[in-house]
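The lines below spell out each chain.
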Amino acid sequence: MRRGLLFLIAAVLWLSSCTGRKAQDLSGVNCVEDFKGHSVAVAMGGSYDLMLSEMGGIDIIRLGVGELLVAVEKGRADFCIIDQYQAGMLNLESRGLEIKFKNILKGTAGAGFRKDDSLLCSQFNGYLMGIMASGEYDEWLDEWTSASDSMADASLLVPKHEKKPGGRPLHVGITITYPYLFLKENNLTGIEVDLFNRFCEKAGYPVDYEIYDFSALIPALNSGKIDVILSHMRMTEERSKQVLFSDAYIEGGGAAVCRSENGVTSCERAGIWSRIKESFNNNLVVERRWKLMADGLWVTIQISVLSIVAAVLAGIILCRLRMSRRRMVSSPTGLVIDLLRGIPLLVVLMLMFYVIFASSRITGTWVTVMSFGLYYGAYFSEVFRTGMESVERGQWEAGFALGLGKFQTFLKVALPQALSRIIPVLKGEVIALIKMTSVVGYVAVVDLTKASDIIRARTLDAFFPLILVSVVYIILAWLTGMGLKALENQLTPKSR
Amino acid sequence: MSGIKDSIYSNLLLEDRWVMLTDGLINTLAVSLWSILFATLMGGVLCAIRMNSGNWARSTVKWYVELMRAIPLLVLLLLLFYVVLADVSLSSLWIAIVCFTLYFSAYFCEIFRSGIEGVNRGQWEAGYALGLTPWRTFIKVILPQALKKIIPVYKGQLITLVKSTSIIGYVAVVDLTKAGDIIRSRTFDAFFPVLLVAAVYLLLTLILGALLDLFEKCVTPKSRKI
């Protein structure tokens, strides 16, 4: 199986370096208005998405940040729009892409506060006004933008302002957005982070950054999970209804990227091994990004193990209730189990995080463990139940006839037989659980998948992080399968 | 109450956003139903090869099943969309259907196989003893017994299939989930779209489950009125 997988990955990477459609003639497109009639890939829900949607007549393809470049590269879209500073940092030529034009779809961004938190907002505005008057603001902006015109070297600046201990920290929700907020050597930095750190130092707030999905920021703010949104969020009318924006402090613009006109294909540019090597270097070695992946892997393992334990416990309890002779107990339990199995896990997770535990400061990790415990507890309980029911009644009677008590019969006679049927099925469910932990990024936990997303958002490499992460999940699943197999051998009577 | 009214207005009525949801539902249904049909057929064929043909074909199918079960669905989808079928002029919707067919046929193959193998060998022999051909033995004797074991597991897998179609937004198909996400990204309402979408999925899976229960009643021997 593993050899087959390696073969597949190699084949796919090779194919990916050769395929691609012929580019359309895009020479006539020189400004945003010319996009009409073309397909343009944008990050879903971002400001470019909003602005282009309003124009109409454009075939907008809404994708994740990581897939934007590959969509253009493979001819799925004529253009994609990414931040102009980030576009300058990437090695677009090596992928057969070029920046068609820059400085489009500009807009100003500010920090977001809760509607009833005008005190903090005015404090921040006051600080902004202060530094604008004193010239510190220009100095700050210069420092970041003048390092080079592409802002590539600006990322070398690591914030000078460390967070202070003591007091109730400000919880700041961020989304990794280059070059405004990003990880450098696994430390959070960026233009906006630097500004906010300076503000917090001046105002005497300790600060605590949490990484969210962009679409989750406003709900997190309004449910009290975070106090401030700092995510290069542009001020739009609909957002202003839900968020109190500070004064604008930065202006951002996009770059339209399309395929190079001379149309070199990847096969001519570089061999397959050098491409893999480059991907490996960009996604893992540079800035010690592997460390982010390793931390993510550790979080995934922790969450998986705790969730499995919680789910087994919940499953046992639910199974006991479900098999109760009293209909008053068993039918409501059955209903709960059916409901939990019918709704998506993500909904359970979000309800737990934003509604049930909205006001408590419990971390995303524990909310995740509880949600997974509950959700998979429902699945496990059904597995346990079928296992228990498959043991014939006669076995129980035999136990009683031997003079064993009810519990003793269960433990000594029924359970060992049931386990041999439960474990093979449970194996599939446990592996499904491990794979499903990839959704925890939604509740501000940086697990393996989220770590790879963060790296993808920086390198805009669609495949390498994805395939790497898949391989890690496959290995995890394989190890779990082996572990359960060993457990099965230990427990079932036949193999003893 | 006014909160709910506001939510309904901004998430559904404003700018005719509900149209996006119904279009999304149609895409979800299209992908689900075609995938179920094709994956079941392909699963059946794979299962037949796996259980009958010579060594070479059998081990190929075995490898195929192992591979499909090991690779995450999203990875398969992205690879098909951007790499394998990048040059084929196939719409994203059909690429999604191809992907789900390939992926779930492997699962179905295994479900069918374990169901058929779960029928006692003596049943085959009994069929032959009655003078039935292998094919007729399979149809008349084995299949009705196997279906009883297959359908409950198959049902669970179908529901998984319908729920997993929520990832097709990654390849620019606007399905139910993606429509909900687009609306969310406009209104920043955390719950209303998610809950609405979840309720629709719940409804879909309940209907599908009920249909399969009905089917099970029709085909399994025990529930037939003699």
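This structure is a prediction, so every number in the text was calculated from the model and none was measured.

1. Digging into the overall build of chain B
Secondary structure summary: chain B contains nine helices and zero strands in total. Across chain B, helices and strands are ordered from the amino to the carboxyl terminus as α-α-α-α-α-α-α-α-α. For chain B, the C-alpha atoms occupy an extent of roughly 70 × 50 × 25 Å along the three principal directions. Per-residue burial over chain B gives 39% buried out of 226 residues.

2. Observations concerning the overall build of chain A
Helix and strand counts for chain A stand at 19 helices and eleven strands. Within the span of chain A, comprising 496 residues, buried residues form 42% of the whole. Residue pairs in contact within chain A that sit at least 24 positions apart in sequence constitute 76% of those at least 6 positions apart.

3. Some points on the environment of Ser 452 of chain A
Residue and element names in this part refer to chain A. Secondary-structure assignment places Ser 452 in helix α18 (residues 448-459). Remark: the alpha-carbon pair of Ser 452 and Glu 192, spanning 260 residues in sequence, is separated by 23 Å. Here Ser 452 is in contact with Met 293, Pro 465, Leu 466 and Val 469, once residues within four sequence places are set aside.

4. Section: the environment of Ile 454 of chain A
Residues and elements named next belong to chain A. Within the secondary structure layout, Ile 454 lies in helix α18. Classification of Ile 454 by C-beta neighbours within 10 Å gives buried; the count is 22. Note: C-alpha distance between Ile 454 and Leu 183 (271 residues apart in sequence) is 8.5 Å.

5. Looking at helix α19 (residues 464-491) of chain A
In an α-helix, one turn spans 3.6 residues, which is why side chains three or four residues apart end up on the same side. For α19 of chain A, with 28 residues, the first-to-last C-alpha span of 40 Å sits near the 40 Å given by 1.5 Å per residue. For α19 of chain A, the full list of buried residues reads Phe 464, Pro 465, Leu 466, Ile 467, Leu 468, Val 469, Ser 470, Tyr 473, Ile 474 and Ala 477 of chain A.

6. Re the interface of chain B and chain A
The interface is formed by 32 residues belonging to chain B together with 37 residues belonging to chain A. At the level of elements, α3 (55-70), α4 (73-84), α8 (176-187) and α9 (192-219) of chain B are the ones that each hand at least two residues to the side of chain B that touches chain A. Counting residues per element, the side of chain B that touches chain A draws most heavily on α9 of chain B, at seven residues. Classifying every residue of the side of chain B that touches chain A gives 23 nonpolar, three polar and six charged.

7. Overview of the packing of helix α14 (residues 345-356) of chain A against helix α15 (residues 364-389) of chain A
Residue and element names in this part refer to chain A. Between α14 and α15, whose axes approach to 9 Å, the crossing angle comes to 135 degrees. In terms of axis orientation, α14 runs oblique to α15. At the point where α14 passes α15, the crossing takes the right-handed sense. Here α14 contributes Leu 345, Val 348, Leu 349, Met 352 and Phe 353 to the contact with α15, which in turn contributes Gly 364, Val 367, Thr 368, Met 370, Ser 371, Leu 374 and Tyr 375. Of the residues contributing to the contact of α14 with α15, the split by class is nine nonpolar, three polar and no charged.

8. Digging into the nonpolar core
Val 40, Cys 80 and Val 257 of chain A are the most contacted members of the largest nonpolar core, which has 189 residues in total. Broken down by element, this core gets its largest block of residues, 15 residues, from helix α5 (residues 92-117) of chain B. Apart from residues no more than four positions distant in its own chain, Val 257 of chain A is found in contact with Leu 69, Val 72, Phe 79, Cys 80, Ile 82, Ala 87, Leu 92, Leu 97, Ile 99 and Lys 100 of chain A.

9. What about the packing of α8 of chain B against α9 of chain B?
Residue and element names in this part refer to chain B. As a packed pair, α8 and α9 sit with axes 9 Å apart at the nearest point and diverge in direction by 165 degrees. For the element pair α8 / α9, the angle class is roughly antiparallel. In this structure, α8 meets α9 at a crossing whose hand is right-handed. Residues Leu 176, Thr 177, Gly 180, Ile 183 and Arg 184 of α8 lie in contact with α9, whose contacting residues are Pro 193, Val 194, Leu 196, Val 197 and Val 200.

10. A short note on the pairing of strand β4 (residues 97-113) of chain A
Residue and element names in this part refer to chain A. Here β4 runs beside strand β11 (residues 250-259); their pairing, made up of eight bridges, is antiparallel. In the sheet register, Glu 98 faces β11, and the bridge partner there is Cys 258. The pairing of β4 with strand β9 (residues 228-234) spans four bridges and is classified as antiparallel. Paired with Gly 112 across the two strands is Ile 229, which belongs to β9. Bridge count for β4 against strand β10 (residues 244-245) is two bridges, and the pairing is antiparallel. Across the sheet, the residue bridging to Phe 113 is Leu 244, located in β10.

11. Overview of the domain arrangement of chain A
Residues and elements named next belong to chain A. Taken domain by domain, chain A consists of domain 1 (108-253) and domain 2 (290-491). Here the C-alpha centroids of domain 1 and domain 2 sit 38 Å apart. With 14 residues of domain 1 at the contact, the number on the domain 2 side is twelve residues. Elements supplying a minimum of two residues to the side of domain 1 that touches domain 2: β6 (182-184) and β8 (207-211). Its residues placed into classes, the side of domain 1 that touches domain 2 shows eight nonpolar, three polar and three charged.

12. Re the pairing of strand β2 (residues 59-63) of chain A
Residue and element names in this part refer to chain A. Pairing between strand β1 (residues 39-43) and β2: five bridges, direction parallel. Residue pairing for β2: Ala 43 is matched across the bridge by Leu 63. Read as a crossover between parallel neighbours, the route from β1 over helix α2 (residues 47-55) to β2 is right-handed.

13. Focus: helix α1 (residues 2-13) of chain B
Little of α1 of chain B is tucked away, with one of its twelve residues classed as buried. Looking at the residues trailing α1 of chain B, positive phi occurs at Glu 15 of chain B, about 55 degrees.

14. What to know about unusual backbone geometry
Of note, Leu 105 of chain A is a non-glycine position whose phi angle comes to about 50 degrees, a positive value. The phi angle at Ala 172 of chain B is positive, at roughly 65 degrees, despite the residue not being glycine. The exposure class assigned to Ala 172 of chain B is buried, which follows from the 25 C-beta atoms found within 10 Å.

15. Some words on the environment of Leu 292 of chain A
Topologically, Leu 292 of chain A is positioned in helix α12 (residues 289-322). Excluding anything up to four places from it in sequence, Leu 292 of chain A contacts Leu 183, Asn 186, Ala 451, Ile 454 and Ile 455 of chain A.

16. Description of the confidence of the model for chain A
Residue and element names in this part refer to chain A. Looking at chain A as a whole, its pLDDT mean stands at 81, while 87% of the residues score no less than 70. Mean pLDDT values for the elements of chain A range from 50 in helix α10 (residues 266-269) up to 93 in α12. The low-confidence segment residues 17-23, where pLDDT is below 50, has 20 contacts with residues more than four positions distant or belonging to other chains. Ignoring residues within four places in sequence, the model shows residues 148-158, a span with pLDDT below 50, making 22 contacts including any to other chains.

17. Considering the confidence of the model for chain B
A residue-level look at chain B finds 96% of positions with pLDDT of 70 or above and a mean pLDDT of 86. At the level of chain-chain contacts, confidence expressed as ipTM amounts to 0.73, with global pTM at 0.77.

Thresholds applied
- Residues numbered from 1 in each chain as written.
- Chains lettered and ligands numbered in written order.
- Predicted model: local features only at pLDDT ≥ 70, side-chain atom pairs only at ≥ 80, totals over all residues.
- Helix = DSSP H or I, 4+ residues; strand = E, 2+ residues; numbered from the N terminus.
- Buried ≥ 20, exposed ≤ 12 C-beta atoms within 10 Å, placed from the backbone.
- Contact = placed C-beta atoms within 7 Å.
- Expected span 1.5 Å × (residues − 1).
- Nonpolar A, V, L, I, M, F, W, Y, C, P; charged D, E, K, R; others polar.
- Axes fitted to C-alpha atoms, helices over the stretch in contact; angles between N-to-C directions.
- Parallel < 35°, antiparallel > 145°, perpendicular 65-115°, else oblique.
- Left-handed = near helix turned anticlockwise from the far one by under 90°.
- Core = buried A, V, L, I, M, F, W, Y, C linked by C-beta atoms within 7 Å.
- Pairing = 2+ DSSP bridges.
- Domains from an automatic or database assignment.
- Right-handed = clockwise from strand over helix to strand, strands pointing away.
- pLDDT = per-residue confidence, 0-100.

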